[in-house]
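Coordinates in review
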Amino acid sequence: MAWTTPKTWASGDVLSSSDMNLHIRDNTRWLAHSSTGGAPMARLYLSDDSDIATATNTTIGSTGTWAEKFDIGGLHDSTSQRLTAPAGGGGVYLFGAQVYWEWASTGYRQIDLYDGTVRQSLDRVNGGPAIQQTVTLARLSSGGYMVARAAQASGGNLEMKGGNSPILTTFWGVWVGV
Amino acid sequence: MTWYTPKTWTSGDLLTATDMNRNNRSNLYHLSAQKPRCHLLSQVPTAVETEAWTEVLFTGASVDTGGMFDAAADNTMIAIKEAGVFMVGGQAWWQNAGATPANTSRSVKVQRNRTNPIARDHQPRLQTAGVQQRQVVRPMLWPLSVNDAITLEVWQNSGTTLNIRPFDFTDYGPNLWVLWVGEEI
C-alpha cells in the first residue's frame, strides 16, 4: 500500500466505496503507521553483543545482527542490514541510531547514518563515551536506504552491547512526509 | 479526540454523519491538532544526591493534549492517555560542580512506569570542573500503553549533591516530551 494524492472533488462527483477506501481509509492508515497499510516505521536492536575492530568503519548489522522490535511496511531489509524505503514508500524519513559501547578510556568513538553516498549525520567523541546517539531527517526514493555505522580507536576490539532493551544498540526510522 | 480504526467501505454502504465524524473528522484531528503530545518544562531546581537516581520535578507543560500532565497529582510524570508508538526524549542541565572531581559521570534516562528505561544517555567523563553541562536524551521510538507513566531520571557521582538547573527564560532547562507517531502495535 502507498500514499495516494488526495482527490480534489468536483460538483456532481459520485462518492463510491472505492473513493472512501482509497482516500479516507487507506490514507488514514498510512498516516497512522497502521500495522495494515501504514507508512513505513521500524525499530531494530542489535541481537547480541558484537565486536568492532579498531579504526575500522563498520556497518552495524554486518557484525552482529539487527533484530526487529517492530517493522511496519517492510522498512527493514534483513539481508542488507539496511532500512530501505519500500516500493511506494519514498518520502522524508526521520532516522536515529544509538550505540552502547563497552567501556574503554582511550581513542575516539564514532557513529553515523549513511545513505550509501553521503554521510547524513555523525557523532564523534574522544575519551570513551558509553552511549552515543545521532538523529537526522533524510529524503529517500523507493529503494533508497540508510545504514548505521560505527567506528572506534581504542587500540583493540571493542564491544557494542546488544539485546532487546531500548538503551542498548538500536537503529530506527519512520516516514514523516511525502 | 479518540482514534478510530479506519472503516473499510463496501458498495451500497450508507454514508452517515457518524461515519464521517469518526473516520474523517476524529481521525484527522487525531493526526493533526489533537495528536497526543506533551512537552514539560521546569522552573524549579531538582536536587540530586550523589549516586542516587532522582526524578526531575516539572512545573508546567508548553504543549499538552488531553491533560497528560497534572502537576497537582504528580509533578514528575507524563501520563499516557492513548496507546501507540511514541517518540520520546528529554534533557537535563547540570549545575556547575565547582571544585568536585573532574571527569565524574552524569546520566539521564527516560523511564516507563519508573522501572523500564526507554532511552538513556550516560557520559563517564561529561563533567569538567567548573563547567555546567547539558545532557540530551535524543528521540527514541517505543510502543506505550494507556496509563503508562513517563518520567525523567538523573544520576551523578560527584560526591556531593548537585542541582538540575531550572528553565529561567534565558537559557535551556530540563525537559521531557512524548509524541504519538502511530497506532498501537
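Presented here is an overview of the structure given in this document. (Residues numbered from 1 in each chain as written. Chains lettered and ligands numbered in written order. Predicted model: local features only at pLDDT ≥ 70, side-chain atom pairs only at ≥ 80, totals over all residues. Heavy atoms only, no water.)

On to the overall build of chain A, then. Regarding its fold elements, chain A presents one helix and 13 strands. Shown N-terminal to C-terminal, the secondary structure of chain A runs as helices and strands in the order α-β-β-β-β-β-β-β-β-β-β-β-β-β. With the C-alpha coordinates of chain A rotated into their principal frame, the extents come out at 75 × 30 × 25 Å. With 178 residues in all, chain A has 56% of them scored as buried. The contacts of chain A with a sequence gap of at least 6 include a subset with a gap of at least 24, amounting to 69%. Carbon and sulfur atoms make up 47% of the accessible area of chain A, which totals about 7,000 Å². Chain A carries 12 positive and 14 negative side-chain charges, and their two centres are separated by 4 Å. (Helix = DSSP H or I, 4+ residues; strand = E, 2+ residues; numbered from the N terminus. Buried < 20%, exposed > 50% of the residue type's maximum accessible area, 1.4 Å probe, protein only. Contact = heavy atoms within 4.5 Å. Areas by Shrake-Rupley, 256 points an atom, 1.4 Å probe, with all protein chains shown as cover. Lys, Arg positive; Asp, Glu negative; His and termini not counted. Charge placed at Lys NZ, Arg CZ, Asp CG, Glu CD.)

A separate point is the pairing of strand β8 (residues 116-123) of chain B. Residue and element names in this part refer to chain B. Here β8 lies mainly inside the structure; six of its eight residues are buried. As defined by bridge partners, strand β7 (residues 106-112) adjoins β8 across seven bridges and the pair is classed as antiparallel. For Arg 106, the partnering residue across the bridge sits in β8 and is Gln 123. (Pairing = 2+ DSSP bridges.)

So, on to the packing of helix α1 (residues 17-31) of chain A against helix α1 (residues 17-31) of chain B. Orientation of α1 of chain A relative to α1 of chain B, taken along the N-to-C sense of each, is 30 degrees, at an axis distance of 11 Å. Between α1 of chain A and α1 of chain B the crossing geometry is left-handed. Of the residues in α1 of chain B, those touching α1 of chain A at Met 20, Ile 24, Thr 28 and Leu 31 of chain A are Met 20, Asn 23, Asn 24, Asn 27 and Leu 31 of chain B. (Axes fitted to C-alpha atoms, helices over the stretch in contact; angles between N-to-C directions. Left-handed = near helix turned anticlockwise from the far one by under 90°.)

A word on α1 of chain B. In this model, α1 of chain B (15 residues) spans 20 Å end to end at C-alpha, consistent with the 21 Å of a helix rising 1.5 Å per residue. Residues of α1 of chain B that are buried: Asp 19, Asn 23, Ser 26, Asn 27, His 30 and Leu 31 of chain B. (Expected span 1.5 Å × (residues − 1).)

Any link to function would need more than the numbers given here.
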